[in-house]
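Topology and contacts: notes
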Amino acid sequence: PLPAGVLFIDEAHMLDIECFSFINRALESDMAPVLVLASNRGITRIRGTDYRSPHGLPLDLLDRLVIIATSPYSAPEICAILRARAAEEDVALAAPALALLGRIGEETSLRYAMYTVTTAALVAARRGAPEVAVEDVRRAYALFADVRRSTKFLHEYEKDYMFNELEESDKADG
């Protein structure tokens, strides 16, 4: 049995059908935890089956959930989060560097922008600067690819990699 409290499962679409069966049974208990599931998937296959459903979750479980819609962060929200992350890591950010990181967060992902704060701080430290400047952010961005740039690179040079498994239909989808 699960202990009472809150059970948070991130990437819930990665669970398989047996896990969902267990969760359904656990929710029947008098001491059932508050269940919070997070997923960034749309209509996708439920692991362990050939069925597709919203968020990759079985329909009988979806019927028991309250679904909270989310929206992407705005540029000011991204900058506020990055400012807090930088403060947590004791990283001093120049205002233009923070603005650039905010734009990077909008164009790539918040996670990538947060990692760029760390790598830009290392670049700034290497040049002996007291704070991260735009040039440090640009250097970190040039050194470490985000998902979109990495995917583009792999498509351009796929023939140079061993065991390339990209199907012809996948190539057409780009």
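Residues numbered from 1 in each chain as written. Predicted model: local features only at pLDDT ≥ 70, side-chain atom pairs only at ≥ 80, totals over all residues. Heavy atoms only, no water.

1. Quick look at the environment of R41
The condition that has to hold: Per the convention used, a helix needs a DSSP run of H or I reaching at least four residues, while a strand needs a run of E reaching at least two, with both numbered from the N terminus. We call a residue buried when its accessible area falls under 20% of the maximum for its residue type, exposed when it is over 50%, and partly exposed in between, using a 1.4 Å probe and counting protein chains only. We call two residues contacting when some pair of their heavy atoms lies within 4.5 Å.
Here R41 shows up in the loop between strand 2 (34-37) and strand 3 (43-45). Its relative accessible area of 37% is what places R41 among the partly exposed residues. As a C-alpha pair, R41 and A97 span 56 residues in sequence and 32 Å in three-dimensional space. Excluding residues within four positions of it along the chain, R41 makes contact with H13 and H55.

2. Some thoughts on the pairing of strand 2
Remember that side chains alternate between the two faces of the sheet whenever the strand is regular. Using the following cut-off: The criterion for strand pairing is that DSSP finds at least two bridges linking the strands in question. Crossover handedness is defined by viewing with both strands directed away from the observer: a clockwise path from the first strand over the helix to the second marks the crossover as right-handed.
With four bridges connecting them, strand 1 (residues 6-9) and strand 2 associate as parallel partners. Of the residues in strand 2, the one forming a bridge with F8 is V36. For the segment spanning strand 1, helix 1 (residues 17-26) and strand 2, crossover handedness is right-handed.

3. Notes on the packing of aromatic side chains
In plain terms, the rule: Geometry of aromatic contacts follows a simple scheme: Phe, Tyr and Trp rings, the Trp one being its six-membered ring, pair when their centres are within 6.5 Å, and the pair is stacked under 30 degrees between planes, edge-to-face over 60, tilted otherwise.
What the rule picks out here adds up to two aromatic pairs. Aromatic pair Y112 and Y141: ring centres 6.1 Å apart, planes at 75 degrees, arrangement edge-to-face. Of this pair, Y112 sits in helix 5 (residues 110-126) while Y141 sits in helix 6 (residues 134-143); the two residues are 29 residues apart in sequence, bridging distant segments of the chain. Judged by its relative accessible area of 9%, Y112 falls in the buried class.

4. Regarding the nonpolar core
Applied cut-off: The set of buried Ala, Val, Leu, Ile, Met, Phe, Trp, Tyr and Cys residues whose side-chain atoms join them within 4.5 Å is what this entry labels a nonpolar core.
If you look at the biggest cluster of nonpolar residues, it comprises 24 residues, and the most contacted ones within it are L82, V91, L93, L101, V117, V132 and V137. Elements supplying a minimum of two residues to this core: helix 3 (75-88), helix 4 (95-107), helix 5 and helix 6. Looking at which element gives the most residues to this core, the answer is helix 5, with eight residues. Filtering out sequence-adjacent residues up to four positions away, V117 remains in contact with L82, A86, E89, V91 and L101. Counting ten residues, the second-largest nonpolar core is a separate cluster that includes I23, L35, I46 and L61.

5. Topic: the environment of A113
Here A113 is to be found in helix 5. Judged by its relative accessible area of 0%, A113 falls in the buried class. For the pair A113 and D146, spaced 33 residues apart in the sequence, the C-alpha separation amounts to 9.2 Å. Once you skip the residues sitting within four places of it in the chain, A113 turns out to touch L82, L101 and G105.

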